[in-house]
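Breakdown of the fold
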Amino acid sequence: MTTQSFLRLYARIKIANSDQSGVKNALIIAARDESRAKIGILGAANIAPNALINPVKSMPSIVVVSVAARNENKAKEFASKHGIPNTHPSYDAIINDPNIDCIYNPLPAGLHYEWAKKALEAGKHVLLEKPSTSNAEQARELFAIAKEKNLVLLEAFHYRFHPSSVFFRETLQKHIASGHQLQRVKAVMSFPRIFPATDIRFNYSLGGGVMIDCGCYNINAIRYFTGLEVESVEKAVPKIVSEDIDGRMDAVLRLECDDNTFAEAELNSSLTNPWFSIQTYREFMPVFIAETDDKIFSFGGFVMPS
């Protein structure tokens, strides 16, 4: 779903930049082989096949043309395995290739800002894995650059584009808009301790910590499904597992509603749940729950609705 949504946004840019005589034919042109949107991948990332490479195979108007990795041999092995026709010797080389339209950035979160910025400055559209950056200041800068250059910068929260997510969001927001007050929401996404201490998720310089990992889904889901913004953080209790790294976060946020009232949002995120515990049993399935004055809305497995 991520790839399809990115392509739609990319197609809009092509239409916006065409003259009136070309508007009717813009989408037809996009489907022809010679004008397919050409994507280059930064890094031989494990997420790339499911997030991009495999979905692209069913889409005639977009193609993955190259991959670059810090180790050129690794890039060639990855390209051979996944049917990618070309490789580049470095991230800079693939970003500056004039034959590439878009860059997919699935690097560790701590590297998102640097390489997404370089891609945007080189005039490339960017599909950026979540979370977009390590902090809000970096994210604002990237999206400002994209807006200034009329480029697509999409944060790859794929679940937002699944029909069940769209239906759930519309159902909840219509119910609230009909006069039923939102009182509280809860988002849970946790893992048992399956990642070793050496994993990048526990490396501060690479954007480690639970809130830069699965926790970002909870924040995003709270904002996406309710359509509300976080007014304040009422409570945040981290479980510190190493220097500057939170392995678990339990927090309560305050959401500002349209009628000058507030709703409470609870989130539970963990990378360190013990395998055999009541906590792990309760949090095994990602879930989003919203309570209004008369109903409870629940979306189990919201992260991967398919």
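Residues numbered from 1 in each chain as written. Predicted model: local features only at pLDDT ≥ 70, side-chain atom pairs only at ≥ 80, totals over all residues. Heavy atoms only, no water.

By the naming in an unreviewed UniProt entry, the protein chain goes by D-xylose 1-dehydrogenase (NADP(+), D-xylono-1,5-lactone-forming) and is assigned to Entomortierella chlamydospora. Turning to the protein chain, the UniProt record has this under Sequence similarities (unreviewed entry): "Belongs to the Gfo/Idh/MocA family." The Catalytic activity (unreviewed entry) comment attached to the protein chain in UniProt states, word for word, "D-xylose + NADP(+) = D-xylono-1,5-lactone + NADPH + H(+)". (UniProt positions renumbered as here; feature names shortened; annotations may be inferred.)

1. Topic: the overall build of the protein chain
Secondary structure summary: the protein chain contains eleven helices and twelve strands in total. Of all 306 residues assigned to the protein chain, the portion counted as buried reaches 48%. Long-range pairs, those at least 24 residues apart, make up 66% of the contacts in the protein chain between residues at least 6 apart in sequence. In the structure as shown, the protein chain presents an accessible area of about 15,600 Å², 52% of it carried by carbon and sulfur atoms. (Helix = DSSP H or I, 4+ residues; strand = E, 2+ residues; numbered from the N terminus. Buried < 20%, exposed > 50% of the residue type's maximum accessible area, 1.4 Å probe, protein only. Contact = heavy atoms within 4.5 Å. Areas by Shrake-Rupley, 256 points an atom, 1.4 Å probe, with all protein chains shown as cover.)

2. Some words on the pairing of strand 12 (residues 296-300)
Every second residue of strand 12 is oriented toward a common face, the buried set being F297 and F299 and the non-buried set I296, S298 and G300. Taken together, the five bridges between strand 11 (residues 287-292) and strand 12 define a ladder with antiparallel strand orientation. Looking across to strand 12, one finds that A290 is bridged to F297. (Pairing = 2+ DSSP bridges.)

3. Comments concerning the pattern of salt bridges
Pairing of side chains with opposite charge becomes possible as their charged atoms draw close. Per the stated rule, a full pass over the model turns up 13 salt bridges. When the shortest N-O distance is used, the salt bridge between E266 and K186 registers 4.0 Å. Taken together, the residues E266 in strand 10 (residues 262-273) and K186 in strand 7 (residues 182-192) connect sequence positions 80 residues apart. Relative accessible area serves as the criterion here: at 28%, E266 is assigned to the partly exposed category. Measuring nitrogen to oxygen at the nearest pair gives 2.9 Å for the salt bridge that ties R223 to E229. Owing to a relative accessible area of 34%, R223 belongs among the partly exposed residues under this scheme. Overall, the relative accessible area of 46% leaves E229 in the partly exposed class. (Salt bridge = Lys/Arg side-chain N within 4 Å of Asp/Glu carboxyl O.)

4. Thoughts on helix 10 (residues 215-226)
With twelve residues, helix 10 extends 17 Å between its outermost C-alpha atoms, agreeing within 8% with the 16 Å of an ideal straight helix rising 1.5 Å per residue. Buried residues dominate helix 10, accounting for ten of its twelve residues. G215, C216, Y217, N218, N220, A221, I222, Y224, F225 and T226 are the residues of helix 10 that are buried. Along its buried surface, helix 10 packs onto helix 9 (163-177), strand 7, strand 9 (245-256), strand 10, strand 11 and strand 12. Two residues or fewer after helix 10 comes G227, characterised by a positive phi angle close to 75°. (Expected span 1.5 Å × (residues − 1).)

5. Some thoughts on the environment of F302
With respect to the helices and strands, the residue F302 is situated in the segment after strand 12. By relative accessible area, F302 is classed as buried at 0%. Sequence-wise, F302 and M285 are 17 residues apart; in three dimensions their C-alpha atoms are separated by 9.1 Å. Apart from the residues lying within four places of it in its own chain, the contact partners of F302 are Y159, S165, V188, Y217, N218, A221, F225, P286, V287 and F288.

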